[in-house]
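Below, each chain spelled out in residue letters.
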Amino acid sequence: METTSHALLGAITQQRPMRRKWLFPSLKIDSREISTEVARQRHCDHLRQEPRVALQSDGKPFYRIQCPDCGEKLSNQLPHSSVPNRETCPQWNEELYQRRFLGGSAAFEQSRAAAVANRKAEWRAVYDRYLASADWQSVRQRVFKRAHGTCEGCLEAPAREVHHRTYAHVGDELLFELVAICRPCHDRLHPNSSTGYSELLERHLQDVHIYGC
Ligand SMILES: [Zn+2]
Ligand SMILES: [Zn+2]
Ligand SMILES: [Zn+2]
């Protein structure tokens, strides 16, 4: 079985060599990556674990263990008898606890925004390298050849540039996803490209999303 499938794979590979040289970063980010990063940032060994007293709504005291360093709640209500020196037991630090608690979601939001921004920057870096590559030059030449050197926007001016109609297969485009175009027509397509990237590309990158939340 092994040999057969390898032989088959070999035949297919020979027939149609893989062109996938340009691997763009995925636009999907696993939320577990972010959670792991947040957990790393917020890590506390809770080396100090101390009983703290708080009041129930009826005014009766109750005790539970808190980490005085990070504020984490480390136990549920303790039996009174298990707490030594109840008279001198320090107060439960609700503010620290809330900060720890709310800090978790704030840290997650922060890490999430950073992960999205990083992924977009990585994607653009690969795209910039691609546009500067011989591979892209070769793709451009084929598109110009198809268009007989004439702009496919106006069929009048000589084509000078190549425009992406979609980024779905960027790095390994089907040639009908690209058009040969003259500068004025290209300007009409990208009237507000202040970032240097087309709005279509920016929209493509808006698809960067976190999954598994
Ligand atoms: Zn702690
Ligand atoms: Zn034109
Ligand atoms: Zn364009």
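Residue numbers restart at each chain and count upward from 1, following the sequence in its written direction. Throughout, the order in which chains and ligands are written sets their labels, letters from A for the former and numbers from 1 for the latter. With the structure being a predicted model, the display of local features is reserved for residues of pLDDT at least 70 and the display and counting of side-chain atom pairs for 80 or more, all residues being used for whole-chain, interface and lining totals.

Right, let's get into the overall build of the protein chain. Under the scheme used here, helices are H or I runs from DSSP no shorter than 4 residues and strands are E runs no shorter than 2 residues, and both carry numbers assigned from the N terminus. In terms of helices and strands, the protein chain carries 6 helices and 6 strands. The linear arrangement of helices and strands in the protein chain, starting from the amino end, is α-β-α-β-β-α-α-β-β-α-α-β. Exposed residues have 12 or fewer other C-beta atoms within 10 Å of their own C-beta, buried residues have 20 or more, and partly exposed residues fall in between, where C-beta atoms are placed from the backbone. Out of the 213 residues in the protein chain, the part that is buried amounts to 10%. Whether two residues are in contact depends on their C-beta atoms, placed from the backbone: they are in contact if these lie within 7 Å. Taking the intrachain contacts of the protein chain between residues at least 6 apart in sequence as the baseline, contacts between residues at least 24 apart amount to 59%.

For the rest of this paragraph, the subject is the environment of His 186. Inspection of the secondary structure assignment puts His 186 in helix α5 (residues 183-189). The exposure class of His 186 is partly exposed, given the 19 C-beta atoms found within 10 Å. Along the chain, His 186 and Glu 161 lie 25 residues apart, while their C-alpha atoms are 7.8 Å from each other. Those residues in contact with His 186 that sit more than four places away from it in its chain are Glu 161, His 163 and Ile 181.

Interpretation in functional terms is not warranted from these geometric data alone.
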